[in-house]
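Results of the structural survey
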Amino acid sequence: MFTQINSVGLFGMNAFPVVTEINADKGLSDFQIIGLADASVQESKHRIFGALKNSGIKLQNKSLVINLTPASVKKAGSSYDLAILAAILAAEGDIRVDLSKAVFFGEVSLGGGVKPISGALTMTIEAKKNGMNAVFLPQENAAEAAVVSGVEVYGVAHVGDMFRYFRGGDTLRPHKPYVAKPPSEQDLPDFADVKGQENVKQALTIAAAGFHNILMIGTPGTGKSMLAKRIPSVLPYMTFDESIETTQVHSVAGILDKNEPLIVTRPFRPVSHTASAAGLCGGSGVPRPGEISLAHNGVLFLDELPEFDRRTLETLRQPVENREVVISRATGSVRYPCNFMLVAAMNPCPCGNFGHPTKKCVCSPTAVTRYLSKISQPVLDRIDIQIEVNPVSYNEISVHEKGESSAEIRRKVEYARKIQEERYKGTAVKSNSEIEPSMLSEFCVMEDAARELIKNVFDKLGMSARAYDRILKVARTAADLDGGGLISKKHVSMAISYRSLDRKYWGN
(Lines give C-alpha, C1' and ligand atoms only; values in the text may rest on other atoms or scores of the structure.)
Protein backbone atom coordinates (compact mmCIF):
# COMPACT_ATOMS: atom_id res chain seq x y z
CA MET A 1 0.00 0.00 0.00
CA PHE A 2 1.23 3.47 -0.87
CA THR A 3 0.43 6.68 1.01
CA GLN A 4 2.08 9.98 1.89
CA ILE A 5 2.18 12.44 4.78
CA ASN A 6 3.35 16.08 4.79
CA SER A 7 6.21 17.32 6.92
CA VAL A 8 8.69 20.21 7.06
CA GLY A 9 12.47 20.11 7.11
CA LEU A 10 14.76 22.69 8.65
CA PHE A 11 18.37 23.67 8.01
CA GLY A 12 19.31 26.65 10.12
CA MET A 13 16.37 28.99 9.58
CA ASN A 14 15.70 27.64 6.10
CA ALA A 15 12.47 25.62 6.28
CA PHE A 16 11.36 23.54 3.30
CA PRO A 17 8.41 21.20 2.61
CA VAL A 18 9.05 17.47 2.84
CA VAL A 19 6.66 14.70 1.78
CA THR A 20 6.99 11.39 3.62
CA GLU A 21 6.08 8.64 1.16
CA ILE A 22 5.59 5.04 2.31
CA ASN A 23 5.23 1.75 0.50
CA ALA A 24 4.00 -1.01 2.83
CA ASP A 25 3.75 -4.72 2.05
CA LYS A 26 3.28 -7.96 3.92
CA GLY A 27 6.38 -10.08 3.92
CA LEU A 28 9.72 -10.36 5.62
CA SER A 29 10.45 -7.75 8.24
CA ASP A 30 12.21 -4.81 6.60
CA PHE A 31 12.32 -1.06 7.25
CA GLN A 32 14.23 1.27 4.94
CA ILE A 33 14.46 5.06 4.93
CA ILE A 34 15.67 6.69 1.74
CA GLY A 35 15.80 10.27 0.51
CA LEU A 36 19.25 11.50 1.62
CA ALA A 37 18.56 10.90 5.32
CA ASP A 38 21.40 11.32 7.82
CA ALA A 39 22.19 9.00 10.75
CA SER A 40 19.73 10.67 13.15
CA VAL A 41 16.90 10.14 10.64
CA GLN A 42 17.95 6.54 9.97
CA GLU A 43 17.82 5.86 13.72
CA SER A 44 14.16 6.90 13.78
CA LYS A 45 13.14 3.34 12.79
CA HIS A 46 14.25 2.09 16.21
CA ARG A 47 12.50 4.92 18.05
CA ILE A 48 9.29 4.42 16.08
CA PHE A 49 9.14 0.63 16.49
CA GLY A 50 9.77 1.05 20.21
CA ALA A 51 7.07 3.73 20.46
CA LEU A 52 4.50 1.58 18.59
CA LYS A 53 5.27 -1.51 20.65
CA ASN A 54 5.11 0.32 23.97
CA SER A 55 1.86 2.00 22.93
CA GLY A 56 0.20 -1.35 22.18
CA ILE A 57 -0.03 -0.71 18.43
CA LYS A 58 0.62 -3.79 16.27
CA LEU A 59 1.64 -3.64 12.62
CA GLN A 60 0.18 -5.88 9.94
CA ASN A 61 2.69 -4.92 7.26
CA LYS A 62 6.29 -5.89 7.87
CA SER A 63 8.07 -4.54 4.79
CA LEU A 64 8.20 -0.74 4.89
CA VAL A 65 10.05 1.66 2.60
CA ILE A 66 10.00 5.34 3.57
CA ASN A 67 11.04 7.97 1.04
CA LEU A 68 11.59 11.57 2.16
CA THR A 69 11.16 13.89 -0.80
CA PRO A 70 12.75 15.92 -2.28
CA ALA A 71 15.43 13.24 -2.33
CA SER A 72 18.10 15.73 -3.46
CA VAL A 73 17.96 17.71 -0.16
CA LYS A 74 19.69 16.31 2.91
CA LYS A 75 17.40 15.52 5.86
CA ALA A 76 18.89 15.85 9.33
CA GLY A 77 17.56 15.66 12.87
CA SER A 78 14.82 13.79 14.70
CA SER A 79 11.89 16.02 13.74
CA TYR A 80 10.78 13.60 10.96
CA ASP A 81 9.83 10.88 13.49
CA LEU A 82 6.21 11.93 13.89
CA ALA A 83 5.62 12.21 10.11
CA ILE A 84 7.12 8.75 9.51
CA LEU A 85 5.00 7.26 12.30
CA ALA A 86 1.86 8.91 10.87
CA ALA A 87 2.71 7.52 7.43
CA ILE A 88 2.97 4.01 8.92
CA LEU A 89 -0.42 4.39 10.61
CA ALA A 90 -1.91 5.63 7.34
CA ALA A 91 -0.50 2.63 5.49
CA GLU A 92 -1.99 0.35 8.16
CA GLY A 93 -5.42 1.88 7.62
CA ASP A 94 -5.54 3.37 11.12
CA ILE A 95 -6.10 6.95 9.94
CA ARG A 96 -9.73 7.80 9.26
CA VAL A 97 -9.41 11.52 8.59
CA ASP A 98 -8.19 13.49 5.58
CA LEU A 99 -4.59 14.58 6.16
CA SER A 100 -3.86 16.14 2.76
CA LYS A 101 -3.69 19.58 4.40
CA ALA A 102 -2.03 18.43 7.63
CA VAL A 103 1.66 18.47 8.51
CA PHE A 104 3.60 16.48 11.13
CA PHE A 105 6.92 17.08 12.87
CA GLY A 106 8.33 15.99 16.22
CA GLU A 107 10.67 13.51 17.89
CA VAL A 108 9.31 10.22 19.20
CA SER A 109 10.78 8.44 22.22
CA LEU A 110 11.00 4.66 22.71
CA GLY A 111 8.23 4.85 25.30
CA GLY A 112 5.84 6.58 22.90
CA GLY A 113 6.22 10.11 24.22
CA VAL A 114 6.59 12.97 21.76
CA LYS A 115 9.55 15.19 22.65
CA PRO A 116 9.95 18.90 21.84
CA ILE A 117 12.06 20.09 18.93
CA SER A 118 13.79 23.30 17.91
CA GLY A 119 12.45 25.59 15.18
CA ALA A 120 8.75 24.71 15.53
CA LEU A 121 7.64 28.28 14.81
CA THR A 122 9.63 28.53 11.59
CA MET A 123 8.34 25.12 10.47
CA THR A 124 4.72 26.11 11.20
CA ILE A 125 5.11 29.33 9.20
CA GLU A 126 6.48 27.30 6.29
CA ALA A 127 3.58 24.85 6.57
CA LYS A 128 1.07 27.69 6.35
CA LYS A 129 2.87 29.14 3.31
CA ASN A 130 2.40 25.79 1.59
CA GLY A 131 -1.36 25.70 2.20
CA MET A 132 -1.45 23.48 5.28
CA ASN A 133 -4.24 24.17 7.78
CA ALA A 134 -3.42 21.66 10.55
CA VAL A 135 -0.18 20.98 12.40
CA PHE A 136 0.57 17.96 14.62
CA LEU A 137 3.66 18.50 16.76
CA PRO A 138 4.96 17.94 20.31
CA GLN A 139 2.69 19.30 23.02
CA GLU A 140 5.50 21.43 24.47
CA ASN A 141 5.81 23.24 21.11
CA ALA A 142 2.06 23.79 20.70
CA ALA A 143 1.90 27.28 22.28
CA GLU A 144 4.82 28.39 20.11
CA ALA A 145 3.14 27.15 16.91
CA ALA A 146 -0.21 28.64 17.98
CA VAL A 147 1.30 32.09 17.46
CA VAL A 148 0.67 31.52 13.73
CA SER A 149 -2.92 32.43 12.86
CA GLY A 150 -5.01 30.43 10.39
CA VAL A 151 -3.58 27.04 11.38
CA GLU A 152 -5.08 24.50 13.78
CA VAL A 153 -2.36 23.30 16.13
CA TYR A 154 -2.59 19.87 17.77
CA GLY A 155 -0.13 19.24 20.58
CA VAL A 156 0.72 15.53 20.87
CA ALA A 157 2.04 14.27 24.19
CA HIS A 158 1.98 10.54 23.32
CA VAL A 159 1.64 8.62 20.07
CA GLY A 160 -1.21 6.62 21.63
CA ASP A 161 -3.27 9.82 21.82
CA MET A 162 -2.68 10.47 18.12
CA PHE A 163 -3.53 6.84 17.24
CA ARG A 164 -6.86 7.02 19.08
CA TYR A 165 -7.66 10.43 17.58
CA PHE A 166 -7.17 9.07 14.05
CA ARG A 167 -9.56 6.23 14.85
CA GLY A 168 -12.32 8.66 15.78
CA GLY A 169 -11.48 9.50 19.39
CA ASP A 170 -11.38 12.94 20.98
CA THR A 171 -7.97 12.63 22.62
CA LEU A 172 -6.57 15.65 20.73
CA ARG A 173 -8.06 19.13 20.57
CA PRO A 174 -6.77 22.22 18.74
CA HIS A 175 -4.59 24.43 20.91
CA LYS A 176 -6.14 27.82 21.54
CA PRO A 177 -4.43 30.68 19.65
CA TYR A 178 -1.59 32.13 21.68
CA VAL A 179 -2.06 35.73 22.79
CA ALA A 180 1.13 37.35 23.98
CA LYS A 181 1.20 39.21 27.25
CA PRO A 182 2.07 42.92 26.99
CA PRO A 183 5.73 43.65 27.73
CA SER A 184 6.47 44.23 31.39
CA GLU A 185 8.67 47.13 32.45
CA GLN A 186 8.96 46.01 36.06
CA ASP A 187 12.00 43.83 35.47
CA LEU A 188 13.93 46.46 33.48
CA PRO A 189 16.34 48.74 35.37
CA ASP A 190 15.43 52.43 35.12
CA PHE A 191 17.59 55.39 34.11
CA ALA A 192 15.99 57.35 36.96
CA ASP A 193 18.32 55.50 39.34
CA VAL A 194 21.46 56.74 37.57
CA LYS A 195 23.09 59.73 39.27
CA GLY A 196 24.90 62.22 37.05
CA GLN A 197 26.27 61.15 33.63
CA GLU A 198 23.88 63.48 31.78
CA ASN A 199 26.13 63.68 28.71
CA VAL A 200 26.24 59.89 28.51
CA LYS A 201 22.46 59.66 28.87
CA GLN A 202 22.10 62.11 25.99
CA ALA A 203 24.40 59.98 23.81
CA LEU A 204 22.47 56.82 24.73
CA THR A 205 19.18 58.57 23.89
CA ILE A 206 20.50 59.40 20.42
CA ALA A 207 21.82 55.85 20.03
CA ALA A 208 18.44 54.37 20.98
CA ALA A 209 16.51 56.78 18.76
CA GLY A 210 18.54 55.86 15.67
CA PHE A 211 19.57 52.31 16.66
CA HIS A 212 23.21 53.38 16.48
CA ASN A 213 26.18 51.39 17.77
CA ILE A 214 27.88 52.99 20.77
CA LEU A 215 31.19 52.58 22.64
CA MET A 216 31.64 53.78 26.22
CA ILE A 217 35.18 54.35 27.49
CA GLY A 218 35.89 55.05 31.15
CA THR A 219 37.73 54.01 34.25
CA PRO A 220 36.33 51.17 36.42
CA GLY A 221 33.34 52.07 38.57
CA THR A 222 32.00 54.90 36.40
CA GLY A 223 28.82 52.99 35.56
CA LYS A 224 29.39 51.75 32.01
CA SER A 225 27.75 48.35 32.54
CA MET A 226 24.97 49.88 34.63
CA LEU A 227 24.13 52.31 31.83
CA ALA A 228 24.24 49.58 29.18
CA LYS A 229 21.77 47.38 31.08
CA ARG A 230 19.25 50.24 31.03
CA ILE A 231 19.24 50.72 27.26
CA PRO A 232 16.42 48.16 26.58
CA SER A 233 14.16 50.21 28.87
CA VAL A 234 14.21 53.15 26.44
CA LEU A 235 14.03 51.29 23.12
CA PRO A 236 10.67 51.34 21.28
CA TYR A 237 8.30 48.45 21.91
CA MET A 238 8.67 45.56 19.49
CA THR A 239 6.25 45.29 16.59
CA PHE A 240 4.54 41.93 15.98
CA ASP A 241 6.75 41.27 12.95
CA GLU A 242 9.88 41.97 15.02
CA SER A 243 8.61 39.61 17.73
CA ILE A 244 8.07 36.83 15.17
CA GLU A 245 11.54 37.35 13.65
CA THR A 246 13.27 37.31 17.03
CA THR A 247 11.23 34.35 18.28
CA GLN A 248 12.17 32.32 15.20
CA VAL A 249 15.87 32.77 15.93
CA HIS A 250 15.44 31.77 19.59
CA SER A 251 13.23 28.83 18.53
CA VAL A 252 15.89 27.48 16.17
CA ALA A 253 18.42 27.87 18.98
CA GLY A 254 16.12 25.86 21.27
CA ILE A 255 16.05 28.43 24.09
CA LEU A 256 12.42 29.58 24.01
CA ASP A 257 10.42 29.73 27.23
CA LYS A 258 7.62 27.20 26.70
CA ASN A 259 5.30 29.27 28.91
CA GLU A 260 6.01 32.54 27.08
CA PRO A 261 6.87 31.38 23.56
CA LEU A 262 6.55 34.78 21.85
CA ILE A 263 9.33 37.25 22.64
CA VAL A 264 7.84 40.70 23.22
CA THR A 265 10.76 42.39 25.02
CA ARG A 266 13.84 43.38 23.06
CA PRO A 267 16.72 40.98 23.79
CA PHE A 268 19.70 42.12 25.83
CA ARG A 269 22.60 39.73 25.25
CA PRO A 270 25.68 40.40 27.41
CA VAL A 271 28.65 38.48 26.00
CA SER A 272 31.76 37.52 27.95
CA HIS A 273 35.17 38.30 26.46
CA THR A 274 35.89 34.55 26.57
CA ALA A 275 33.39 34.00 23.72
CA SER A 276 34.74 32.37 20.57
CA ALA A 277 33.98 33.48 17.03
CA ALA A 278 31.56 30.55 16.68
CA GLY A 279 29.83 31.50 19.92
CA LEU A 280 29.46 35.07 18.71
CA CYS A 281 28.45 34.48 15.08
CA GLY A 282 27.13 30.90 15.21
CA GLY A 283 28.42 27.54 14.13
CA SER A 284 28.56 23.73 14.65
CA GLY A 285 27.72 21.00 12.11
CA VAL A 286 24.20 22.25 11.42
CA PRO A 287 24.97 25.92 12.15
CA ARG A 288 23.13 27.29 15.16
CA PRO A 289 22.54 30.99 15.82
CA GLY A 290 25.26 32.83 17.71
CA GLU A 291 24.92 35.70 20.16
CA ILE A 292 24.68 38.33 17.44
CA SER A 293 21.59 36.62 16.01
CA LEU A 294 20.08 36.02 19.45
CA ALA A 295 20.37 39.81 19.89
CA HIS A 296 18.34 40.42 16.70
CA ASN A 297 16.11 43.51 17.17
CA GLY A 298 17.75 44.12 20.54
CA VAL A 299 21.08 44.90 22.18
CA LEU A 300 24.39 43.04 22.01
CA PHE A 301 26.58 44.15 24.92
CA LEU A 302 30.32 43.51 24.76
CA ASP A 303 31.96 44.48 28.04
CA GLU A 304 35.75 44.79 28.36
CA LEU A 305 36.03 45.11 24.59
CA PRO A 306 39.86 44.94 24.30
CA GLU A 307 39.85 41.66 26.25
CA PHE A 308 38.11 39.91 23.34
CA ASP A 309 40.28 37.98 20.92
CA ARG A 310 41.03 40.33 18.04
CA ARG A 311 40.05 37.76 15.43
CA THR A 312 36.71 37.30 17.19
CA LEU A 313 36.04 41.05 17.04
CA GLU A 314 36.93 41.13 13.35
CA THR A 315 34.15 38.63 12.61
CA LEU A 316 31.68 41.36 13.62
CA ARG A 317 32.59 43.62 10.72
CA GLN A 318 30.38 42.13 8.01
CA PRO A 319 27.38 41.24 10.25
CA VAL A 320 27.32 44.80 11.65
CA GLU A 321 27.39 46.20 8.11
CA ASN A 322 25.01 43.75 6.41
CA ARG A 323 22.72 43.01 9.39
CA GLU A 324 22.84 39.30 8.65
CA VAL A 325 25.41 36.57 9.15
CA VAL A 326 26.14 33.83 6.62
CA ILE A 327 27.58 30.55 7.92
CA SER A 328 28.88 28.17 5.26
CA ARG A 329 29.39 24.45 5.70
CA ALA A 330 29.95 21.57 3.31
CA THR A 331 26.26 20.70 3.68
CA GLY A 332 25.17 24.21 2.72
CA SER A 333 24.94 27.81 3.88
CA VAL A 334 22.52 29.35 6.35
CA ARG A 335 21.64 32.99 6.90
CA TYR A 336 20.63 34.35 10.27
CA PRO A 337 19.35 37.90 10.77
CA CYS A 338 21.35 40.06 13.19
CA ASN A 339 19.97 43.59 13.15
CA PHE A 340 21.21 44.51 16.60
CA MET A 341 22.39 47.60 18.44
CA LEU A 342 26.02 47.06 19.41
CA VAL A 343 26.87 48.48 22.83
CA ALA A 344 30.49 48.12 23.92
CA ALA A 345 32.34 49.22 27.04
CA MET A 346 36.02 49.31 27.88
CA ASN A 347 38.66 50.67 30.21
CA PRO A 348 41.15 53.14 28.72
CA CYS A 349 44.17 50.99 29.68
CA PRO A 350 45.01 47.62 31.33
CA CYS A 351 44.96 49.04 34.87
CA GLY A 352 41.93 51.17 34.05
CA ASN A 353 43.19 54.47 35.49
CA PHE A 354 44.46 56.23 32.38
CA GLY A 355 42.85 59.68 32.42
CA HIS A 356 41.44 59.33 35.95
CA PRO A 357 41.44 62.71 37.79
CA THR A 358 42.89 61.32 41.04
CA LYS A 359 44.18 57.78 40.51
CA LYS A 360 47.54 57.18 38.87
CA CYS A 361 47.91 54.97 35.81
CA VAL A 362 50.70 52.42 36.25
CA CYS A 363 50.72 51.21 32.64
CA SER A 364 53.62 51.95 30.32
CA PRO A 365 52.86 53.71 27.02
CA THR A 366 53.70 50.48 25.22
CA ALA A 367 51.20 48.52 27.35
CA VAL A 368 48.48 51.10 26.70
CA THR A 369 49.17 51.02 22.95
CA ARG A 370 49.14 47.22 22.89
CA TYR A 371 45.87 47.16 24.85
CA LEU A 372 44.09 49.63 22.58
CA SER A 373 45.45 48.11 19.37
CA LYS A 374 43.34 45.01 19.96
CA ILE A 375 40.48 47.06 18.49
CA SER A 376 41.14 47.73 14.82
CA GLN A 377 40.23 50.90 12.95
CA PRO A 378 37.68 49.08 10.73
CA VAL A 379 35.84 47.95 13.88
CA LEU A 380 35.97 51.47 15.34
CA ASP A 381 34.64 52.91 12.08
CA ARG A 382 31.52 50.79 12.47
CA ILE A 383 30.72 52.29 15.88
CA ASP A 384 28.66 55.44 15.34
CA ILE A 385 28.99 56.98 18.81
CA GLN A 386 32.00 57.00 21.13
CA ILE A 387 31.47 58.57 24.54
CA GLU A 388 33.72 59.02 27.56
CA VAL A 389 32.21 58.02 30.92
CA ASN A 390 33.84 60.08 33.64
CA PRO A 391 33.75 59.46 37.41
CA VAL A 392 30.71 60.93 39.18
CA SER A 393 31.35 63.69 41.71
CA TYR A 394 30.14 63.55 45.31
CA ASN A 395 27.64 66.35 44.68
CA GLU A 396 26.09 64.37 41.83
CA ILE A 397 25.89 61.04 43.64
CA SER A 398 24.60 62.45 46.92
CA VAL A 399 21.49 64.20 45.55
CA HIS A 400 18.15 62.63 46.54
CA GLU A 401 16.20 63.65 43.45
CA LYS A 402 15.87 60.99 40.78
CA GLY A 403 17.05 61.71 37.26
CA GLU A 404 15.08 61.49 34.03
CA SER A 405 13.21 58.19 33.96
CA SER A 406 13.36 55.54 31.26
CA ALA A 407 9.69 56.22 30.46
CA GLU A 408 10.46 59.87 29.74
CA ILE A 409 13.45 59.00 27.58
CA ARG A 410 11.44 56.35 25.73
CA ARG A 411 8.82 58.96 24.79
CA LYS A 412 11.58 61.03 23.14
CA VAL A 413 12.93 57.95 21.38
CA GLU A 414 9.50 56.91 20.08
CA TYR A 415 8.85 60.47 18.87
CA ALA A 416 12.06 60.33 16.81
CA ARG A 417 11.24 56.82 15.57
CA LYS A 418 7.82 57.93 14.31
CA ILE A 419 9.51 60.65 12.27
CA GLN A 420 11.84 58.01 10.81
CA GLU A 421 8.95 55.65 10.10
CA GLU A 422 7.19 58.33 8.04
CA ARG A 423 10.41 59.37 6.30
CA TYR A 424 11.37 55.88 5.18
CA LYS A 425 7.89 54.61 4.33
CA GLY A 426 8.07 52.44 1.23
CA THR A 427 11.76 51.56 1.74
CA ALA A 428 13.52 48.76 3.61
CA VAL A 429 15.04 51.28 6.06
CA LYS A 430 13.61 51.23 9.60
CA SER A 431 15.99 53.57 11.45
CA ASN A 432 18.63 56.18 10.68
CA SER A 433 21.46 53.72 11.28
CA GLU A 434 20.27 51.72 8.24
CA ILE A 435 20.40 54.58 5.71
CA GLU A 436 22.27 53.46 2.60
CA PRO A 437 25.04 55.78 1.31
CA SER A 438 22.99 56.43 -1.84
CA MET A 439 20.16 57.82 0.34
CA LEU A 440 22.23 60.27 2.39
CA SER A 441 21.85 63.21 -0.01
CA GLU A 442 18.05 62.78 0.03
CA PHE A 443 17.44 62.19 3.74
CA CYS A 444 20.35 64.01 5.43
CA VAL A 445 19.87 67.55 4.13
CA MET A 446 22.00 70.07 6.03
CA GLU A 447 21.96 73.78 6.56
CA ASP A 448 24.82 75.68 4.90
CA ALA A 449 26.67 76.22 8.21
CA ALA A 450 26.43 72.51 9.02
CA ARG A 451 27.75 71.58 5.59
CA GLU A 452 30.69 73.95 5.94
CA LEU A 453 31.54 72.58 9.39
CA ILE A 454 31.62 68.93 8.32
CA LYS A 455 33.67 69.85 5.23
CA ASN A 456 36.35 71.55 7.34
CA VAL A 457 36.46 68.71 9.87
CA PHE A 458 36.62 66.04 7.16
CA ASP A 459 39.65 67.67 5.50
CA LYS A 460 41.40 68.52 8.78
CA LEU A 461 41.02 65.11 10.45
CA GLY A 462 41.31 62.95 7.36
CA MET A 463 38.12 61.02 8.02
CA SER A 464 37.19 57.88 6.13
CA ALA A 465 34.09 57.80 3.94
CA ARG A 466 32.48 55.41 6.41
CA ALA A 467 33.10 57.81 9.31
CA TYR A 468 31.57 60.65 7.27
CA ASP A 469 28.45 58.58 6.57
CA ARG A 470 28.04 57.69 10.20
CA ILE A 471 28.44 61.29 11.35
CA LEU A 472 25.61 62.25 9.02
CA LYS A 473 23.39 59.46 10.33
CA VAL A 474 23.97 60.45 13.97
CA ALA A 475 23.35 64.11 13.12
CA ARG A 476 20.13 63.05 11.39
CA THR A 477 18.98 61.34 14.60
CA ALA A 478 19.90 64.33 16.75
CA ALA A 479 17.81 66.51 14.42
CA ASP A 480 14.90 64.05 14.65
CA LEU A 481 14.91 64.34 18.44
CA ASP A 482 14.57 68.11 17.87
CA GLY A 483 11.63 67.74 15.48
CA GLY A 484 13.02 66.23 12.29
CA GLY A 485 13.89 69.36 10.30
CA LEU A 486 17.12 70.24 8.51
CA ILE A 487 20.35 69.12 10.11
CA SER A 488 21.85 72.16 11.80
CA LYS A 489 25.40 73.07 12.78
CA LYS A 490 24.57 72.07 16.37
CA HIS A 491 23.57 68.57 15.29
CA VAL A 492 26.67 68.08 13.16
CA SER A 493 28.91 69.41 15.93
CA MET A 494 27.36 66.93 18.36
CA ALA A 495 27.83 64.02 15.95
CA ILE A 496 31.48 64.98 15.34
CA SER A 497 32.14 65.13 19.08
CA TYR A 498 30.96 61.52 19.29
CA ARG A 499 33.72 60.53 16.83
CA SER A 500 36.64 62.17 18.67
CA LEU A 501 37.72 59.45 21.10
CA ASP A 502 39.42 57.31 18.47
CA ARG A 503 41.76 60.27 17.93
CA LYS A 504 42.31 60.77 21.65
CA TYR A 505 43.02 57.12 22.49
CA TRP A 506 44.11 55.62 19.19
CA GLY A 507 45.91 58.69 17.88
CA ASN A 508 44.12 58.77 14.53
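The rules behind these values
- Residues numbered from 1 in each chain as written.
- Predicted model: local features only at pLDDT ≥ 70, side-chain atom pairs only at ≥ 80, totals over all residues.
- Heavy atoms only, no water.
- pLDDT = per-residue confidence, 0-100.
- Helix = DSSP H or I, 4+ residues; strand = E, 2+ residues; numbered from the N terminus.
- Axes fitted to C-alpha atoms, helices over the stretch in contact; angles between N-to-C directions.
- Parallel < 35°, antiparallel > 145°, perpendicular 65-115°, else oblique.
- Left-handed = near helix turned anticlockwise from the far one by under 90°.
- Contact = heavy atoms within 4.5 Å.
- Nonpolar A, V, L, I, M, F, W, Y, C, P; charged D, E, K, R; others polar.
- Polar contact = N/O pair within 3.5 Å; in protein donor to acceptor, adjacent residues only side chain to side chain.
- Buried < 20%, exposed > 50% of the residue type's maximum accessible area, 1.4 Å probe, protein only.
- Pairing = 2+ DSSP bridges.
- Phe/Tyr/Trp six-rings, centres within 6.5 Å; stacked < 30°, edge-to-face > 60°.

1. Considering the confidence of the model for the protein
- Overall, the predicted model of the protein reaches an average pLDDT of 92, with 98% of residues at or above 70.
- Mean pLDDT across the elements of the protein ranges from a minimum in helix α22 (residues 501–505), with 79, to a maximum in strand β5 (residues 102–104), with 98.

2. Considerations on the packing of helix α2 (residues 44–54) against helix α3 (residues 81–91)
- Orientation of α2 relative to α3, taken along the N-to-C sense of each, is 55°, at an axis distance of 10 Å. The angle between α2 and α3 places the two elements in the oblique class. The chirality of how α2 crosses α3 is right-handed. Contacts between α2 and α3 involve Ser 44, Arg 47, Ile 48, Ala 51 and Leu 52 from the first element and Asp 81, Ile 84, Leu 85, Ile 88 and Leu 89 from the second.
- Here the residues of the contact of α2 with α3 are counted per class, giving seven nonpolar, one polar and two charged.

3. What about the side chain of Asn 339?
- Checked against the element boundaries, Asn 339 lands in the loop between β16 (332–337) and β17 (341–346).
- In this structure the side chain of Asn 339 is engaged in a polar contact, spanning 2.7 Å, whose partner is the side chain of Arg 323.

4. Here's the deal with the pairing of strand β8 (residues 134–138)
- β8 sits mainly inside the fold: five of its five residues count as buried.
- Here β5 runs beside β8; their pairing, made up of three bridges, is parallel. The residue of β8 that forms the bridge with Phe 104 is Phe 136.
- Examined bridge by bridge, β8 and strand β9 (residues 152–156) share five bridges and lie parallel to one another. Among the inter-strand pairings, Leu 137 is bridged to a residue of β9, identified as Gly 155.

5. Section: the packing of aromatic side chains
- This model, assessed by the stated rule, comprises 13 aromatic pairs.
- Centre to centre, the rings of Phe 136 and Tyr 154 are 4.7 Å apart; their planes meet at 10°, and the pair counts as stacked. Taken together, the positions of Phe 136 in strand β8 and Tyr 154 in strand β9 put the pair 18 residues apart, joining distant regions of the chain. Note on accessibility: Phe 136 and Tyr 154 belong to one class, buried.
- Consider the rings of Tyr 165 and Phe 166, whose centres lie 5.9 Å apart with planes at 55°: the pair is tilted.

6. Section: unusual backbone geometry
- Looking along the chain, the bond that leaves Thr 69 and enters Pro 70 is cis, with omega of 0°.
- Within the chain, Phe 211 stands out as a residue other than glycine whose phi angle is a positive 60°.
- Since its relative accessible area comes to 6%, Phe 211 is described here as buried.
- A positive phi is found at Glu 304, a non-glycine position, where the angle reads about 55°.
- Its place among the elements puts Glu 304 in the loop between β14 (299–302) and α12 (310–314).

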